[in-house]
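Examination of the molecular architecture
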Amino acid sequence: MKISVERQTQRLEFRDKQRAESLVACLAKICDSMAEPVSIMHVCGSHEQSIARFGLRSLLPSRLEVIMGPGCPVCVTDMPEIDSAVALAEQGIVVTTFGDMFRVPGSIKSLAEAKAQGAPVKVVFSPQQAVEVARQSSGQVVFFATGFETTAVATAAVVAGNPPENFSVLSAHKYIPPAMEIIAEMPHRRVKGFLAAGHAAIITGCKIFEDFVERHHIPVVIGGFEPLDILAALVMILELIRDGKSEVANAYPRCCTAEGNAQAQRLLWQVFETGDGVWRGIAHVPNGNLRLRTRYASFDAAIRFADKLAGLTCGVASGLAAECICGNIMTGIASPTDCRLFGKDCTPERPVGACMVSSEGACRIWHEYGGHLLAANEDK
Amino acid sequence: MCLGVPGRVVAVDGPVAHVDFWGVSRRILLDTVDEPVVPGDYVLTHVGYAIRRIPASEIGETLEFYDSLVREEQADLMSRDVKEELGAAQQS
Ligand code: SF4
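The residue count restarts for each chain, going from 1 along the sequence in the order it is written. The lettering of chains begins at A and the numbering of ligands begins at 1, in the order of writing. Residues qualify for local features only when their pLDDT is at least 70, as the model is predicted, and side-chain atom pairs are given and counted only at 80 or more; totals for whole chains, interfaces and linings, by contrast, use all residues. Working from all heavy atoms in the structure, the side-chain values ignore hydrogens and water.

1. Concerning the overall build of chain B
A run of DSSP states H or I qualifies as a helix once it reaches four residues; a run of E qualifies as a strand once it reaches two. Both are numbered from the N-terminal end. Broken down by element type, chain B carries two helices and five strands. As defined in this context, the radius of gyration uses C-alpha atoms, and a globule is described by 2.2 Å times the residue total to the power 0.38. Radius of gyration (C-alpha) of chain B: 12 Å, near the 12 Å computed for a compact globule of 92 residues. Pairs of residues are marked as contacts when any of their non-hydrogen atoms sit within 4.5 Å. Excluding contacts between residues fewer than 6 apart, the proportion of contacts in chain B whose partners are at least 24 apart in sequence is 45%. Here the open area of atoms and residues is found with the Shrake-Rupley method and a 1.4 Å probe, where only the protein chains shown may cover a residue. Of the roughly 3,700 Å² of accessible surface on chain B, a fraction of 48% belongs to carbon and sulfur atoms.

2. Some remarks on the sheet that holds strand 6 (residues 167–173) of chain A
All names here are of chain A. Note on pairing: DSSP must find at least two bridges between two strands before they are called paired. Pairing within the open sheet is parallel, and its four strands lie in the order 4-3-5-6. Bordering the open sheet on either side are strand 4 (121–123) and strand 6, each of which pairs with just one other strand. Direction aside, the axes of adjacent strands within the sheet are offset by 25 degrees on average. Pairing of strand 3 (residues 94–97) with strand 4, which is carried by three bridges, proceeds in the parallel orientation. Among the inter-strand pairings, T97 is bridged to a residue of strand 4, identified as V123. Orientation is described by lines fitted to C-alpha atoms, with helices fitted over the stretch in contact, and by angles between N-to-C directions that extend from 0 to 180 degrees. Contacting strand 3, strand 4, strand 5 (141–147) and strand 6, helix 3 (residues 79–90) crosses the sheet at an angle of about 160 degrees to strand 6.

3. Some remarks on the nonpolar core
Counting residues in each nonpolar core, the largest one holds 170 residues, and the members touching the most others are I40, L64, L111, F144, F194 and L238 of chain A. For this core, the element with the most residues is helix 11 (residues 227–242) of chain A, which contributes eleven residues. Nonpolar cores were defined as sets of buried Ala, Val, Leu, Ile, Met, Phe, Trp, Tyr and Cys residues, with membership established by side-chain atoms within 4.5 Å. Throughout, exposure labels follow a simple rule: accessible area from a 1.4 Å probe, protein chains only, divided by the maximum for the residue type, with under 20% read as buried, over 50% as exposed, and the rest as partly exposed.

4. A closer look at the pairing of strand 6 of chain A
Regular strands place side chains that alternate from one sheet face to the opposite one. Residue and element names in this part refer to chain A. A large share of strand 6 lies buried, amounting to six of its seven residues. Both strand 5 and strand 6 contribute to a ladder of seven bridges, which runs parallel. In the strand pairing of strand 6, V142 is matched with S168. Crossovers are marked right-handed if the path from the first strand over the helix to the second runs clockwise, as seen with the strands pointing away from the viewer. With helix 7 (residues 149–160) bridging strand 5 and its parallel neighbour strand 6, the resulting β-α-β unit is right-handed.

5. Here we look at the sheet that holds strand 8 (residues 220–223) of chain A
Residue and element names in this part refer to chain A. If you trace the five strands from one edge of the open sheet to the other, you get 2-1-7-8-9, paired in parallel fashion. Looking at the sheet topology across the chains shown, the edges are occupied by strand 2 (64–68) and strand 9 (248–250). Taking the axes of each pair of neighbouring strands and ignoring which way they run, one obtains an average angle of 25 degrees across the sheet. Two strands pair when backbone bridges link them, and strand 1 (residues 38–42) and strand 2 are joined in this way by five bridges, in the parallel orientation. Along strand 2, the bridge assignment pairs M41 with I67.

6. Re helix 6 (residues 127–135) of chain A
Think of an α-helix as turning once every 3.6 residues; residues three or four places apart then point the same way. Residue and element names in this part refer to chain A. Burial in helix 6 covers these residues: P127, A130, V131, V133 and A134. Projection of helix 6 onto a plane perpendicular to its axis shows the buried side chains occupying an angular sector of 155 degrees, all on one side. Taken together, the buried residues of helix 6 touch strand 3, strand 4, strand 5, helix 7 and strand 6. Throughout, the arc means that of the directions going from the helix axis to the C-beta atoms.

7. Remarks on the environment of S39 of chain A
Residues and elements named next belong to chain A. In this structure, S39 sits in strand 1. Residues S39 and V191 lie 152 residues apart in sequence; the distance between their C-alpha atoms is 4.9 Å. Apart from residues no more than four positions distant in its own chain, S39 is found in contact with E65, R190, V191, K192 and G193. At 2.5 Å, the side chain of S39 forms a polar contact with the side chain of E65. Here a polar contact is taken to be a pair of N or O atoms separated by no more than 3.5 Å, where protein atoms must pair a possible hydrogen donor with a possible acceptor and residues adjacent in sequence count only if both atoms sit in side chains.

8. Points about the site of the ligand
Throughout, near means a residue has at least one heavy atom within 4 Å of the molecule or strand. Of all residues adjacent to the ligand, which total 13 residues, the nearest are C324, I325, C339, C346 and C363 of chain A. Here a cavity means grid points, on a 1 Å grid over the protein atoms only, where a 1.4 Å probe fits yet cannot get out; a pocket means an open set of points with protein on both sides within 12 Å along at least five of seven lines; lining residues are those with an atom within 4 Å of a point. Occupancy of a cavity or pocket is assigned to a molecule whenever over half of its atoms lie within 2 Å of that pocket's grid points. Its atoms largely coinciding with the cavity grid, the ligand occupies the second largest cavity.

9. With respect to the confidence of the model for chain A
Residue and element names in this part refer to chain A. Here pLDDT means the predictor's own confidence in every residue, given as a number from 0 to 100. This prediction gives chain A a mean pLDDT of 91; 93% of its residues lie at or above 70. Across residues 1–11 the pLDDT falls below 50, and counting only partners more than four positions away or on other chains, this stretch makes 40 contacts in the model. Throughout residues 373–380 the model reports pLDDT below 50, and contacts reaching past four residues in sequence, or to other chains, amount to 17 contacts.

10. Quick word on the interface of chain B and chain A
On the side of chain A, 48 residues touch chain B, which itself brings 35 residues to the contact. Accessible-area loss on putting two parts together, using a 1.4 Å probe and summing over both, is the definition of buried area adopted here. The contact between chain B and chain A buries some 3,500 Å² in all, and 57% of this surface belongs to carbon and sulfur atoms. The term salt bridge refers to a pairing of a side-chain nitrogen on Lys or Arg with a carboxyl oxygen on Asp or Glu at a separation within 4 Å. At the boundary of chain B with chain A, the tally comes to two salt bridges. The residue R80 of chain B makes a salt bridge to E368 of chain A at a minimum N-O spacing of 3.7 Å. Connecting chain B to chain A are 19 residue pairs in polar contact (both at pLDDT 80 or more). Of all the elements in the fold, those that place two or more residues in the side of chain B that touches chain A are strand 4 (42–46), strand 5 (49–54), helix 1 (60–71) and helix 2 (77–87) of chain B.

11. Considerations on the pattern of salt bridges
Residue and element names in this part refer to chain A. Within this structure, the stated rule accounts for 20 salt bridges over all chains. As a salt-bridge pair, E259 and K207 come within 3.0 Å of each other at their nearest N and O atoms. Note that E259 is positioned in the loop between strand 9 and helix 12 (262–271) and K207 in the loop between helix 9 (198–204) and helix 10 (210–216), a separation of 52 residues in sequence. When its relative accessible area of 39% is taken as the criterion, K207 is described as partly exposed. In this structure, E273 and R291 form a salt bridge, with 3.5 Å as the shortest nitrogen-oxygen distance. With E273 in strand 10 (residues 272–279) and R291 in strand 11 (residues 283–292), this residue pair connects regions lying 18 residues apart in the sequence. Given the relative accessible area of 22%, E273 is considered partly exposed. Judged by its relative accessible area of 43%, R291 is partly exposed. Each of E226, D229 and R254 takes part in one network of salt bridges that share partners.

12. What about helix 1 of chain B?
Taking 1.5 Å per residue as the helical rise, helix 1 of chain B with its twelve residues ought to reach 16 Å, and the 16 Å between its terminal C-alpha atoms agrees with that figure. Among the residues making up helix 1 of chain B, those that are buried are T62, L63, F65, Y66, L69 and V70 of chain B. When helix 1 of chain B is viewed along its axis, its buried side chains cluster within an angular range of 160 degrees and face the same direction. Residues of helix 1 of chain B that are buried in the fold lie against helix 2 (45–53), helix 9 and helix 11 of chain A together with strand 1 (5–13), strand 4 and helix 2 of chain B. Take the residue count of a helix, subtract one, and multiply by 1.5 Å to get its expected span.

Shown next, in the form of structure tokens:
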């Protein structure tokens, strides 16, 4: 299959070539000693960027598969959430959001399309900038917030920090541990170990996975984002799988600790609580969404503008979007190149699904750097 | 989006740090970091907030990786994400 790629996988210059070689040799040796091929899932767009950008898959033994799970918060944002943001903007309320969310299609249109039609939508790089927009505006300003717990901490900090009265948050923040539960509970699960996202674990701490590994008998290793960090984490996971150990291990100790960042956790849980919600294309995820607690209800856009959002009927994906298999990709069942539209009817310029929009979406990343097939063919 | 970016603390002014990122100084908020931060420390920042203090002695590896992304002449997906992180904080 010919894949269209914007940019070739980079030749990787390892900082410590010897260490990289010995890690790769170690992976091969462990894989050889195991009876079956192994699949490991990571749950972070930045991990996928690094793996794809540096062509790491081409270095892995053929019996080791590393797949991306639901690690893209924008991609799992449900259509009704986007439709709500679009509806507010179309009723004249200023909606601020991150660039990644701006172009994700809702059931009828994206915020970018709403803006092109005159709705007041602004792209910001941080929740603090959204607050600045509110300070300089006399009207209502909503921050349509997206991101995992790492980013939700920043939203929590601005909400707890006395924002102006005309500011509110429409939260599409997601919490990653419950989504890992969904994957772990999938029937016929192939995944034998998880590479957990280092920067989410900086906040929550490694300990948060202890119950999980016990319940599901599956090891979790926290890893950083450099190519060497990733290889080292993979070695740790393979060792745990080989030895039949369901444990949590930390391969990113220079940033992650067992307990995590207590101050950030305090802010996060002071402002947010978990709630159930649908993750686009995946499942109803119990406790997978972060919503504002009742004591901050006055800053909750879903409550403040309940009247404007009442009766909003969400369409279902139609046309090409009905063929999008983002959900299967994010649960590790399919790869971007399994999608008939990949690189043809669906490109970053004309995205059909959210996975082709976000810089953390598997389709967007494979389109930029080439995916599994390309990286493997090139180097082998 | 969770990648974050590290920078060197130049000055601390109450809840705000002035942090140097490849020669550009930005205001980073410290509400979200759980250790005292002093000039000379590095902090990992995300959307304008510090989320982790990294002692200078441990930053070498991390910096090299980001160096290669920031100095990349032709912007790509990952280096653009890093640059967006830099855009998240106000210049100081
Ligand atoms: S290529 Fe496009 S349509 Fe296909 S799964 Fe990816 S985002 Fe969806």
